[in-house]
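# Reading the structure
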Amino acid sequence: MQPVATTFFFYFLSAVTVISGIAVITRRNPVHSALALIVALLGQAGLYLMLYAPFVAGVQIILYAGGIMVLFLFVIMLVNIERAQKEEQFNKQWIVGIVAALALGVLFVLVYMKGKGLFPQTVAQLPEGENTQGIAMLLYRDYMFAFEIASLLLLVAIIGAVVMAKKRI
Amino acid sequence: MTERSSHLELEQADKTYLDSNELIINMGPQHPATHGVLRVILKLDGEKVLGTECVIGYLHRGVEKIAENRTYTMFNPYVDRMDYVAAVSNGLGYCEAVEKLLNVEAPSRAKYIRVILTELNRLASHMLWLGTHALDIGAITPLFYTFRDREEILKIFEKYCGARLTTHAFRIGGCQYETYDGFEEDVTKFLKFVTPKIDEYEQLLTTNRIWVERTRGVGVISAADCKALGVTGPVLRASGVKWDLRKAQPYAAYSDFDFEIPTGQSGDTYDRYLVRMQEMRQSLRIIEQAVGKIPDGPIMAKVPKVMKPPVGEVYHSIEAPKGELGYFIVSDGSTQPYRVRVRPPSFVNLQALDQMVRGQLVADVIAVIGTLDIVLGEVDR
Amino acid sequence: MLDYITSYLKSDTTPGQAGNFFWAFVYILLIFLGLSVAVIAMNWLERKILAHMQVRLGPMRVGPHGLLQPIADALKLLIKEDIMPAEADPVVFWIAPLIVVITAFTVFIVVPFGPTHAVTDMNIGVLFMLGVSSLSVLGIVTAGWASNSHYPLIGALRSSAQMVSYEIAMGLAVISAVLMTSLNTDGTGTLSMIGIVQAQQAQQTWFIFKFFPLGLIAFFVFAVAMVAETNRAPFDLPEAESELTAGFHTEYSGFRWSLFFLAEYSAMIAVSSIAVTLWLGGWMRPFPHWLTGETWDLVFSLFPGVTFVLLALITFYSTIRMPKHPYFRVQTIGLAGFGAVLGLIGLLLFVPPVRDRIQDIYWFAVKVAGFMYLYIWYRGTFPRYRFDQLMKVGWKVLLPIGLGVLIVTGILGVVLS
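Residues numbered from 1 in each chain as written. Chains lettered and ligands numbered in written order. Predicted model: local features only at pLDDT ≥ 70, side-chain atom pairs only at ≥ 80, totals over all residues. Heavy atoms only, no water.

## A word on the pattern of salt bridges
Residues and elements named next belong to chain B. A complete count under the given rule lists 38 salt bridges over all chains for this structure. Two residues, glutamate 202 and arginine 281, come together in a salt bridge whose shortest N-O distance is 2.7 Å. Taken as a pair, glutamate 202 in helix H6 (residues 183-205) and arginine 281 in helix H11 (residues 269-292) lie far apart in primary sequence, 79 residues in all. A network of salt bridges, in which partner residues are shared, links Glu119, Arg122, Arg237, Asp244, Arg246, Glu279 and Glu319. (Salt bridge = Lys/Arg side-chain N within 4 Å of Asp/Glu carboxyl O. Helix = DSSP H or I, 4+ residues; strand = E, 2+ residues; numbered from the N terminus.)

Following this line, the structure appears as structure tokens:
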């Protein structure tokens, strides 16, 4: 199938992502921030779709928007929000923040100035149907070892979380 | 939150705000599962119950005070309005107490009629309990089955005395009405009809995995605690105490019948369920025997038109469907009682609620309120 | 323009893949309408079936046999006052039902009612359905939080924990079905909803019977998890009436509440369609490889028409049994008219071109309707689980079973190929 109105959708999804990203850090109410974050994640999923990566988009929705964000909200609800709002905000790291922002800004400007040579002019055409299989081949054949190490790390993290939580039960 | 101060104070926040997830929740008086207008203030840690406080009195009508301004006969219909699902038992307790005070005895035919109607009423009460209890735990179907069968009992009541719920079936000294033609046949037919129905209820619930999981080990109360709190009735028997006033201090004609007292062992909700199911079967047995050998004779003893009991006091208690229902009546020799004090089983049993639900989950509070089988009309009087 | 419209009819793909916007729009409209009708019908059927299980009649007043009751209910909900608690968070309170209802309807764009009867077919069909339906929990959680009230909050917390846990068991069951699709000659599996049904066609079996009893166990895990996912009895803790009055939607009323209602029922239909697609052969008619030949094809293609004619006959029988009192005259005529409409639809379904086009949709709908009946049956039979028991069932029973089935399926697949 031929893509439709690519430019429009790209700018639309980018705008959604950026605006909701800004909303995440400006809202004082954590639930509003979380909801904005969900919108940002969905916008990102849309961008993945435009890159012919439906599997990554699907995983983005199911894991981040559907799974992790629910846990985020779960935790936020247990927090007493009125008290949390009175609490002093973490603004101590503003020097680090400025440095990071400046570095990122310089990078953006650089990419914008001489970006033409950095990226390939034509997008590599991958048949739509093979994206999922391609990921599977990479994960389970080419980079099997690294993948398994990552999963082991996650398992250790899970066990650690259970051990730490167990103390309170 | 609660506008009324409660002894359940929230733990003061001494930790970070992440830990302050204790909350006080107000269950009732308008709540689908508190069986009327009971209000329970729950202190929760997540879903775990840390403590409860019952607020009662929303249905208080001052029944005991009303008694002081009515003659003995006039007060009789009021007692029907206390435990309105077991009105016949209430009437029986009151009439027998006054009879004791007057020192008269009802004729034996009247006693048999009383036993039949009271046991039918016990069945009706247990059926209503089963339906609502199952509904609270989430099984909606038993409610309609039990109400279908309870209807047959109410039809017999209606044919006998014209009322279905607040029957006012008995009078001091006997019964007002002779049994109607075909009363025995109706009751026998009902017995035949209802025996398989009780098996049907058991089929739906007794071996249902979810039902067993929801009730076994929930709301456990030991025999010693039951005695300490004055808990009576099926709740006491499910804890393993074989105490039934029908056997312990036989009243009416109960000494004539052969029946057993079902008891449980663990005192949990499942045992209370089983005990009540068995009690329904035992009631059927009693009714069957009573209908078989109902004697002929008068139905009213000789009582004066204007009752002036001698000065004195009397306490008489019967085994109501929910436990020991006692009447303490003080007479000053006039036509009106000086004081009437009712010992309602629901009120006393409700005391055990806090002990039974502490440390359990919110859903168990509902199950325990159901299993205590309280009627707020009787709790508040 | 006309060419544009007719060209799709001759193609053998879904409108989404054909890039045909007109037909995609028509399909979306049809699915939306069909779903709304299904929810309305389901509302009436649930009340009627449940009533008959419970020795009562159910709605009988509005229209003959209460047939117009759902419409009366919908009207009541629309004209009811819309109350928002004073302390509620207005924006989130407003958005929450929208999230729930949008996600509930969006999943239907990949549901294959037939080889070409879907809005589109995606490479990641199943993943898309699971992902989007997992978003609905966000709506429930935010609804409970925005109400700023205790009962809804507890309902929301229960619901989020429940749905996140059962999604895992559900996902494992789905993966074992997806693994089964790769056991064909060329060895490549698929996540596409249409592809999964076609794999069952190619392997000549429904996946519920694949590696008996492995497929059956995976289906069982999914069937339990899907009831929990849709918050229906016996897993209806988030809205447990006797405990939390109405759970997360306690503070909602009127139209907003009806959105939750709509979403709940369409989510039920959605997960049932996943189950039908993955395990029960989707749109395939029963015994497609055993009872073959022209005669059997004809016999099975007559089923839709026969069903509707039977329904019409039942309706006419009820019309005859209506009370003869003049008060019921309008209702009797209405019931007869309803029967006539059903009968006409039945006759229309006997016409060969319609018959052939409708067949796939019919078999799919019948299978989904079976699940809907199961939902009602569960509700009539089971008490409600307690929260810790619910978690125990999810994590200690369904999850290990799902993992075991997945591993065994994988091993069998490797050994057999």
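## Things to note about the nonpolar core
Core analysis: the largest hydrophobic core is formed by 115 residues, its most contacted members being Phe108, Phe222, Met226 and Trp279 of chain C. No other element matches the 14 residues that helix H6 (residues 125-146) of chain C contributes to this core. With 112 residues, the next largest nonpolar core counts Ile113, Ile116, Tyr201 and Met356 of chain B among its residues. (Core = buried A, V, L, I, M, F, W, Y, C linked by side-chain atoms within 4.5 Å. Buried < 20%, exposed > 50% of the residue type's maximum accessible area, 1.4 Å probe, protein only.)

## A short note on a nonpolar patch on the surface
All names here are of chain A. A surface patch of nonpolar side chains, about 650 Å² in accessible area, is lined by Trp94, Ile95, Val96, Ile98, Val99 and Leu102. The topology assignment puts isoleucine 95 in helix H5 (residues 94-114). Judged by its relative accessible area of 54%, isoleucine 95 is exposed. (Patch = residues over 30% accessible without salt bridge, like charges linked within 9 Å, V, L, I, M, F, W, Y side chains within 5 Å. Areas by Shrake-Rupley, 256 points an atom, 1.4 Å probe, with all protein chains shown as cover.)

## Overview of the sheet that holds strand S7 (residues 323-331) of chain B
All names here are of chain B. Strand order in the open sheet made by the three strands is S6-S7-S8, with antiparallel pairing throughout. Every other strand in the sheet has two partners, leaving strand S6 (312-320) and strand S8 (337-343) as the edge strands with one partner each. The sheet shows a mean angle of 15° between the axes of neighbouring strands, taken without regard to direction. Against the sheet, helix H3 (residues 87-102) makes contact with S6 and S7, and its axis sits at roughly 150° relative to S6, the strand it touches most. (Pairing = 2+ DSSP bridges. Axes fitted to C-alpha atoms, helices over the stretch in contact; angles between N-to-C directions. Contact = heavy atoms within 4.5 Å.)

## Topic: the interface of chain A and chain C
The figure often quoted for interface size is the accessible area lost as the parts come together. With 27 residues of chain A in contact, the opposing surface of chain C contributes 25 residues. The tally of links between chain A and chain C comes to zero residue pairs in polar contact (both at pLDDT 80 or more). Contributing elements (two or more residues each) for the side of chain A that touches chain C: helix H2 (30-50), helix H3 (54-78) and helix H6 (131-142) of chain A. Counting residues per element, the side of chain A that touches chain C draws most heavily on H3 of chain A, at 13 residues. Looking at the side of chain A that touches chain C, its residues break down into 18 nonpolar, eight polar and one charged. (Polar contact = N/O pair within 3.5 Å; in protein donor to acceptor, adjacent residues only side chain to side chain. Nonpolar A, V, L, I, M, F, W, Y, C, P; charged D, E, K, R; others polar.)

## Some remarks on the packing of aromatic side chains
All names here are of chain C. One pass over the structure, following the stated rule, counts 35 aromatic pairs over all chains. Aromatic side chains phenylalanine 300 and tryptophan 363 sit 6.0 Å apart centroid to centroid with 65° between the ring planes, which places their arrangement in the edge-to-face category. Here the residue phenylalanine 300 occupies a position in helix H12 (residues 294-301), and tryptophan 363 occupies one in helix H15 (residues 352-381), the gap between them amounting to 63 residues. Taking the centre distance of 5.2 Å and the plane angle of 50° together, the rings of phenylalanine 303 and tryptophan 363 count as tilted. Of this pair, phenylalanine 303 sits in helix H13 (residues 303-321) while tryptophan 363 sits in helix H15, and the two are 60 residues apart along the sequence. Judged by relative accessible area, tryptophan 363 falls into the buried class, the value being 7%. (Phe/Tyr/Trp six-rings, centres within 6.5 Å; stacked < 30°, edge-to-face > 60°.)

## Description of unusual backbone geometry
Where the residue is not glycine, phi is negative for most of them; where a peptide bond is considered, it is trans in most cases. Residue and element names in this part refer to chain B. A positive phi is found at asparagine 103, a non-glycine position, where the angle reads about 60°. You can see asparagine 103 is positioned in the loop between H3 and helix H4 (108-137). For asparagine 103, a relative accessible area of 70% corresponds to the exposed category. For histidine 168, which is not a glycine, the phi torsion comes out positive at approximately 50°. Residue placement: histidine 168 occurs in the loop between helix H5 (141-161) and strand S4 (170-171).

## Examining the interface of chain B and chain C
Facing 33 residues of chain B, the contacting portion of chain C comprises 25 residues. When the buried area of chain B at its contact with chain C is split by residue, Glu47, Ile210 and Glu213 of chain B rank highest and sum to 22% of it. In this assembly, chain B and chain C are joined by one salt bridge. Ionic pairing is found between aspartate 364 of chain B and arginine 386 of chain C, a salt bridge with its closest N-O pair at 3.0 Å. (Buried area = accessible area lost by both parts, 1.4 Å probe.)

## Some words on the confidence of the model for chain C
Of the residues in chain C, 97% reach a pLDDT of 70 or more, and the chain-wide mean stands at 83. Reported for the predicted complex are a pTM of 0.83 and an ipTM of 0.77. (pLDDT = per-residue confidence, 0-100.)

## So, the packing of helix H8 (residues 193-202) of chain C against helix H11 (residues 254-279) of chain C
For the pair H8 of chain C and H11 of chain C, interaxial distance at closest approach is 8 Å and the crossing angle is 40°. Here Met193, Ile196, Val197 and Gln200 of chain C of H8 of chain C lie close against H11 of chain C, whose contacting residues are Ile274, Thr277, Leu278 and Trp279 of chain C.

## Quick notes on the environment of methionine 226 of chain C
Residue and element names in this part refer to chain C. Here methionine 226 is to be found in helix H9 (residues 214-229). Along the primary structure methionine 226 and phenylalanine 255 are separated by 29 residues, whereas in three dimensions their C-alpha atoms are 26 Å apart. With near-sequence residues (within four places) excluded, methionine 226 lies in contact with Met170, Val271, Ser272, Ala275, Phe371 and Tyr375.

## Quick word on the environment of aspartate 45 of chain B
Relative to the helices and strands, aspartate 45 of chain B is located in strand S2 (residues 39-45). Between the alpha carbons of aspartate 45 of chain B and tyrosine 58 of chain B there is a distance of 28 Å; along the sequence they are 13 residues apart.

## Observations regarding the packing of H13 of chain C against helix H14 (residues 329-348) of chain C
Residue and element names in this part refer to chain C. Relative to each other, H13 and H14 sit at 165°, their axes nearing to 7 Å. One finds that H13 runs roughly antiparallel with respect to H14. Here the hand of the crossing between H13 and H14 comes out left-handed. Contacts between H13 and H14 involve Gly305, Phe308, Val309, Leu311, Ala312, Thr315, Phe316, Ser318 and Thr319 on the former and, on the latter, Thr332, Leu335, Ala336, Phe338, Gly339, Ala340, Leu342, Gly343, Ile345 and Gly346. The residue makeup of the contact of H13 with H14, split by class, is 11 nonpolar, eight polar and no charged. (Parallel < 35°, antiparallel > 145°, perpendicular 65-115°, else oblique. Left-handed = near helix turned anticlockwise from the far one by under 90°.)

## A short note on the environment of cysteine 226 of chain B
All names here are of chain B. Positionally, cysteine 226 belongs in helix H8 (residues 223-229). What makes cysteine 226 buried here is its relative accessible area of 0%. Note: C-alpha distance between cysteine 226 and leucine 236 (10 residues apart in sequence) is 6.0 Å. Contacts of cysteine 226, omitting those with residues within four sequence positions, involve Ile221, Val231, Val235, Leu236 and Ser239.

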